[in-house]
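Examination of the molecular architecture
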Amino acid sequence: VITVVATDNSSNQNTTTTTISVTYNPPDTTVPTVSITSPTSASTWSTSSSAMSLGGTAGDNVGVTSVTWANSASGSGTASGTTSWSISTINLVAGSNLITVTARDAAGNSSTDTITVTYTPPDTTPPSLSINQPSNGQVFTVANITVSGTASDASGIQQITVNGALATGT
């Protein structure tokens, strides 16, 4: 309540008083909170799937108006929900994907949480293999022979098995 009094300069000093009521609403300067909780609350995650989903929570003293996401490697969008939010599909590129989730309130305040997702595509390339010895069609007069060759693969060789008419070896 604000009271204003005006007094004149006359000998009897006449006064007039008036009041007004005002309300002060301070600006909302409190940033919302946001947390990634699914598939993990850790700051990193590794997967062999080319797409993933995220979920989490957000809160604010007045109210969260939106939750959005962006993948530094590709794509962005809006999550479903606000205080409990989810993102059904985030496409990943091979390697590191920094995903940032941002919660905003009506006053424009925002906060973020991030997760670094490492996508390692499944190995679908078969190893290369060649036989150096013996040569194809070579005839032997001994029962035991040595077989040699080379094998390579980007993810390494686990095992090489040699199958012959009379014996098998690893």
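A brief structural summary. For clarity, every value in this text was computed on a predicted model and none was experimentally measured. (Residues numbered from 1 in each chain as written. Predicted model: local features only at pLDDT ≥ 70, side-chain atom pairs only at ≥ 80, totals over all residues. Heavy atoms only, no water.)

1. Things to note about the overall build of the protein chain
Within the protein chain one finds zero helices and 14 strands. Over its C-alpha trace the protein chain gives a radius of gyration of 36 Å, far above what one expects of a compact globule, namely 15 Å for 170 residues. Relative to its full complement of 170 residues, the protein chain shows a buried share of 19%. Taking all contacts inside the protein chain whose residues are at least 6 apart in sequence as the whole, residues at least 24 apart take part in 51%. (Helix = DSSP H or I, 4+ residues; strand = E, 2+ residues; numbered from the N terminus. Rg over C-alpha atoms; globule rule 2.2 N^0.38 Å. Buried < 20%, exposed > 50% of the residue type's maximum accessible area, 1.4 Å probe, protein only. Contact = heavy atoms within 4.5 Å.)

2. Re the sheet that holds strand β5 (residues 51–59)
Strands in a sheet are paired, the pairing made by backbone hydrogen bonds, and the direction either parallel or antiparallel. On the basis of which strands lie adjacent, the open sheet formed by three strands has the order β3-β5-β8 and antiparallel pairing. Pairing within the sheet leaves two strands with one partner each, and these edge strands are β3 (33–38) and β8 (84–91). This sheet shows a mean twist of 30 degrees between the axes of neighbouring strands, independent of strand direction. Of the pairings in the sheet, the one linking β3 to β5 comprises five bridges and is antiparallel in character. What sits directly across from S35, in β5, is T57. (Pairing = 2+ DSSP bridges. Axes fitted to C-alpha atoms, helices over the stretch in contact; angles between N-to-C directions.)

3. Here's the deal with a nonpolar patch on the surface
Judged by side-chain polarity, L129, I131, F140, V142, I145, V147, I157, I160 and V162 come together as a nonpolar surface patch covering roughly 790 Å² of accessible area. Assessed through its relative accessible area of 65%, L129 is described here as exposed. (Patch = residues over 30% accessible without salt bridge, like charges linked within 9 Å, V, L, I, M, F, W, Y side chains within 5 Å. Areas by Shrake-Rupley, 256 points an atom, 1.4 Å probe, with all protein chains shown as cover. Salt bridge = Lys/Arg side-chain N within 4 Å of Asp/Glu carboxyl O.)

4. With respect to the sheet that holds strand β4 (residues 44–47)
Strand order in the open sheet made by the five strands is β4-β10-β9-β6-β7, with mixed pairing throughout. Of all the strands in the sheet, the pair left with one neighbour each is β4 and β7 (76–78). Between one strand axis and the next, the sheet turns by 20 degrees as a mean value, whatever way the strands run. In this sheet, strand β10 (residues 110–119) lies alongside β4 in parallel orientation, the contact comprising four bridges.

Spatial relationships are all this shows, so hold off on functional conclusions.
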